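# Architecture and fold: a report
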Amino acid sequence: MSPLPIFHRLPHATFSSFFLSLSQVGSSKTSVAFLNAFKSIPTSEDIIARIGLWWQLIRAVVLLPVFKFLVALCLVMSVMFFVEVMYMGIVVLYVKLFKRKPEKIYKWEAMEDDVECGSASYPMVLVQIPMYNEKEVCEQSIAAACKISWPSNRIMIQVLDDSTDPASKELVKRECARWSKEGVNITFEIRDNRNGYKAGALREGMKHSYVKQCDYVAIFDADFQPDPDFLHRTVPFLIHNPKLALVQGRWEFVNAGQCMMTRLQEMSLSYHFTIEQQVGSSTFAFFGFNGTAGVWRISALIESGGWNDQTTVEDMDLAVRATLRGWKFLYIDDLKVKSELPCSFKALRNQQHRWTCGPANLFRKMAVQIIRSENVSLWKKWYMLYSFFFMRKIVAHILTFCFYCVILPATVLFPEVTVPKWAAFYLPSLITLLIAIGRLRSIHLLAFWVLFENAMSLLRAKALVMGLFETGRVQEWVVTEKLGDTLKTKLIPQVPNVRFRERVHLLELLVGVYLLFCGIYDIVYGKNTLYVYLLFQSVAFFVVGFGFVGKYVPASSYLG
């Protein structure tokens, strides 16, 4: 056995003095070899110094150049996104200043009874209401649809119930029967499976023989309550403009003031409708069907291939295919339809996952078809691919998480890299102020909105990756929980001892720890005030990570 393990237990100085004495008395060559070997054994200080040198080398040669590249990439994306937002702002300003209302752009005439034909002059309209275990809202939505002002013999209400809960299905069936007795032309349709989810239900609904006599189809989700004049405001556009395939209304939220989370959601969605949808409609470019509160020309729907469940955004999918066929869409900003925002954080996370993953997956599948389409102008192709999909559905999510939650905080660890103030502060501030235009009454919540959106960006970034690479939960469809009027009094604030395991989100907590570390590091070693943002943002991630957001719905509420 080698003597080295035995000697290794002795202090380094002992080895040196021992073998030095051996060499001085004419020891053998072996002793000298041992002496040279043990002279080269580093001390703990030497090891630490060498690790430090290697770290500095790796940092200078690898990490710093990569980090500089990432910062530069984020700066480019920031400018691109800022230009996109400013462009949309200018378009909306033009629409408002010159009062470019839909009635001035498209032909529109009010519907009136014909003296000779009577109500026969009205087109036949189908109203579809897809449902799935939504007993809390089914009564109010069916009632709202049945109260739509339209000749009773020229409208068909079709309730598509995929419920697996017997109580929900029985309640919907009973409600349909009640309105049928009052003379409303309403049908209750069920399937023995949920293939295709919402798209599958709508597709099966279109196969019934009585649909063949219908010219248009209005679609409302289970929590939507259209005003009685909805068809009178939308159908005339379709009648007098034969190339128009869709008329889309705006969502209005009955529970926007329920809690902080619903107020912040309202700000985001108000921007979506006020800015994004209006720009796509006003420039005759493209905007996505919102899946509800809209009226389709049935011939356009059929010509475009009908409902397709290849992604979880069947509404956007249909809009893309219809656009590639040369059809046009119209968005009416002042046509408001009452609906409900998710008030539980779990429901919001499921909804945001689908709304982010679905468009990314659709972009992956439809980009080549958009490029090759011969019925679409080069401008419209550019708008669809760059503005609609790339900038709003991809870059926006990447930039929010990677830049503001990862790269920007890391600059405190790389003082050699400086992010310009215009990118770190001025551009985000201008974009945020423009977003606030969509809901001015909530402008005092802007700081909370920024922190919450950044905290939600991790969820959206994960969903984006799943959609682009078609992995994980890319085809997951979870129906957003709806409460209606009956359960609002049963909501209680989130508390720490309620479903703790379900509420904890580890990745958000890890990002919170990272931001907290960067904030403390900046306080100790930094030379700027970035720590103010980092500490507040870390708190937001901790709040989201522990699920202290929104409202909690007691399980007993769903049983009664």
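Residues numbered from 1 in each chain as written. Predicted model: local features only at pLDDT ≥ 70, side-chain atom pairs only at ≥ 80, totals over all residues. Heavy atoms only, no water.

Counting its regular elements, the protein contains 19 helices and nine strands. Looking at the protein as a whole, 53% of its 560 residues qualify as buried. Relative to all contacts within the protein whose residues are 6 or more apart in sequence, the contacts with residues 24 or more apart total 81%. (Helix = DSSP H or I, 4+ residues; strand = E, 2+ residues; numbered from the N terminus. Buried < 20%, exposed > 50% of the residue type's maximum accessible area, 1.4 Å probe, protein only. Contact = heavy atoms within 4.5 Å.)

Let's shift gears to the UniProt feature "transmembrane region" (unreviewed entry) in the protein. UniProt's feature table lists "transmembrane region" (unreviewed entry) at residues 69-95, 394-414, 426-452, 506-524 and 530-549, given in the numbering used throughout. Segment residues 69-95 splits into 100% helix and 0% strand. End C-alpha atoms: 39 Å apart. Annotated as 100% helix and 0% strand, the span residues 506-524 places its first and last C-alpha atoms 27 Å apart. (UniProt positions renumbered as here; feature names shortened; annotations may be inferred.)

Next up on the list: the sheet that holds strand β7 (residues 328-339). With mixed pairing, the seven strands of this open sheet are ordered in space as β3-β2-β1-β4-β6-β5-β7. In this open sheet, the two strands that pair with only one neighbour each are β3 (186-190) and β7. Between one strand axis and the next, the sheet turns by 20° as a mean value, whatever way the strands run. On the sheet, helix α6 (residues 138-146) packs against β1 (125-131), β2 (155-161) and β3 and is oriented at approximately 175° with respect to β1. (Pairing = 2+ DSSP bridges. Axes fitted to C-alpha atoms, helices over the stretch in contact; angles between N-to-C directions.)

The next subject is the nonpolar core. Grouped together as the largest cluster of nonpolar side chains are 159 residues, with contacts concentrated most on Leu-231 and Trp-296. When residues in this core are grouped by element, the largest group, 18 residues, is from helix α14 (residues 378-410). Among all residues touching Leu-231, those that are not within four sequence positions of it are Val-125, Ile-148, Trp-150, Ile-155, Ala-218, Pro-236 and Val-295. (Core = buried A, V, L, I, M, F, W, Y, C linked by side-chain atoms within 4.5 Å.)

In this fold, Thr-323 is placed in helix α12 (residues 314-324). Spatially, the C-alpha atom of Thr-323 lies 9.0 Å from that of Ala-245, the residues being 78 residues apart in sequence. Here Thr-323 is in contact with Phe-286, Phe-329, Val-376, Lys-380 and Met-384, once residues within four sequence places are set aside.

In this section: the packing of helix α10 (residues 260-282) against helix α16 (residues 446-469). For the pair α10 and α16, interaxial distance at closest approach is 10 Å and the crossing angle is 85°. Taken together, the axis directions place α10 and α16 in an arrangement best described as roughly perpendicular. Packed against α10, whose contacting residues are Met-260, Met-261, Leu-264, Met-267 and Ser-268, the element α16 presents Leu-446, Phe-448, Trp-449, Phe-452 and Glu-453 at the interface. Tallied by class, residues from the contact of α10 with α16 come to eight nonpolar, one polar and one charged. (Parallel < 35°, antiparallel > 145°, perpendicular 65-115°, else oblique. Nonpolar A, V, L, I, M, F, W, Y, C, P; charged D, E, K, R; others polar.)

What follows is about unusual backbone geometry. For residues besides glycine, phi is generally negative; the peptide bonds are generally trans as well. Here the phi dihedral of Asn-133 falls at roughly 50°; this positive angle occurs in a residue that is not glycine. Non-glycine residue Glu-470 carries a positive phi angle of around 55°. Take Glu-470: it is sitting in the loop between α16 and β8 (492-493). Accessibility expressed as a relative area gives 33% for Glu-470, which makes it partly exposed.

Before going further, it helps to examine α16. In this model, α16 (24 residues) spans 33 Å end to end at C-alpha, consistent with the 34 Å of a helix rising 1.5 Å per residue. Of all the bends in α16, the greatest, near 35°, is centred on Ser-457. Where burial is concerned, most of α16 is hidden: 17 out of the 24 residues are buried. Immediately beyond the C-terminal end of α16, within one or two residues, lies Glu-470, with a positive phi of roughly 55°. (Expected span 1.5 Å × (residues − 1). Bend = angle between axes of the 7 residues up to and from the residue.)

We now examine the pattern of salt bridges. Throughout the structure, instances matching the rule amount to 18 salt bridges. Residue Glu-182 is joined to Arg-178 by a salt bridge in which the shortest nitrogen-to-oxygen separation is 3.4 Å. Across the salt bridge formed by Arg-203 and Asp-309, the nearest N and O atoms sit 3.8 Å from each other. Of the two residues, Arg-203 is situated in helix α8 (residues 197-205) and Asp-309 in the loop between α11 (298-303) and α12; the sequence distance between them amounts to 106 residues. Taking relative accessible area as the criterion, Asp-309 reaches 34% and is therefore assigned partly exposed. (Salt bridge = Lys/Arg side-chain N within 4 Å of Asp/Glu carboxyl O.)

A word on the packing of helix α13 (residues 345-372) against α14. Taken N-terminus to C-terminus, the directions of α13 and α14 make an angle of 155°; their axes are 10 Å apart at the nearest point. By the angle class used here, α13 and α14 are roughly antiparallel. Every pair of crossing elements has a handedness; the one defined by α13 and α14 is left-handed. For the pair formed by α13 and α14, the contact residues are Thr-356, Pro-359, Leu-362, Phe-363, Ala-367, Ile-370, Ile-371 and Arg-372 on the first element and Lys-381, Met-384, Leu-385, Phe-389, Lys-393, Ile-394 and His-397 on the second. For the contact of α13 with α14, a count of residues per class yields ten nonpolar, two polar and three charged. (Left-handed = near helix turned anticlockwise from the far one by under 90°.)

Before going further, it helps to examine a positive patch on the surface. A contiguous patch of positive charge, built from Lys-99, Arg-100, Lys-101 and Lys-104, is present on the exposed surface. For Lys-104, the position within the fold is in helix α5 (residues 102-105). With relative accessibility at 58%, the residue Lys-104 sits in the exposed group. (Patch = residues over 30% accessible without salt bridge, like charges linked within 9 Å, V, L, I, M, F, W, Y side chains within 5 Å. Areas by Shrake-Rupley, 256 points an atom, 1.4 Å probe, with all protein chains shown as cover. Lys, Arg positive; Asp, Glu negative; His and termini not counted. Charge placed at Lys NZ, Arg CZ, Asp CG, Glu CD.)

As enumerated under the stated definition, the model contains 28 aromatic pairs in all. Relative to Phe-273, the ring of Trp-251 has its centre 5.4 Å away and its plane inclined at 50°; by these criteria the two rings are tilted. Of this pair, Trp-251 sits in strand β5 (residues 244-253) while Phe-273 is found in helix α10, placing the two residues 22 residues apart along the sequence. Taken together, a centroid distance of 6.5 Å and an interplanar angle of 45° make the contact between Phe-289 and Trp-307 tilted. Within this pair, whereas Phe-289 is found in the loop between α10 and β6 (294-297), its partner Trp-307 is found in the loop between α11 and α12, the two being separated by 18 residues in sequence. Given a relative accessible area of 2%, Phe-289 falls into the buried group. In this structure Trp-307 comes out as buried when scored by relative accessible area, which is 5%. (Phe/Tyr/Trp six-rings, centres within 6.5 Å; stacked < 30°, edge-to-face > 60°.)

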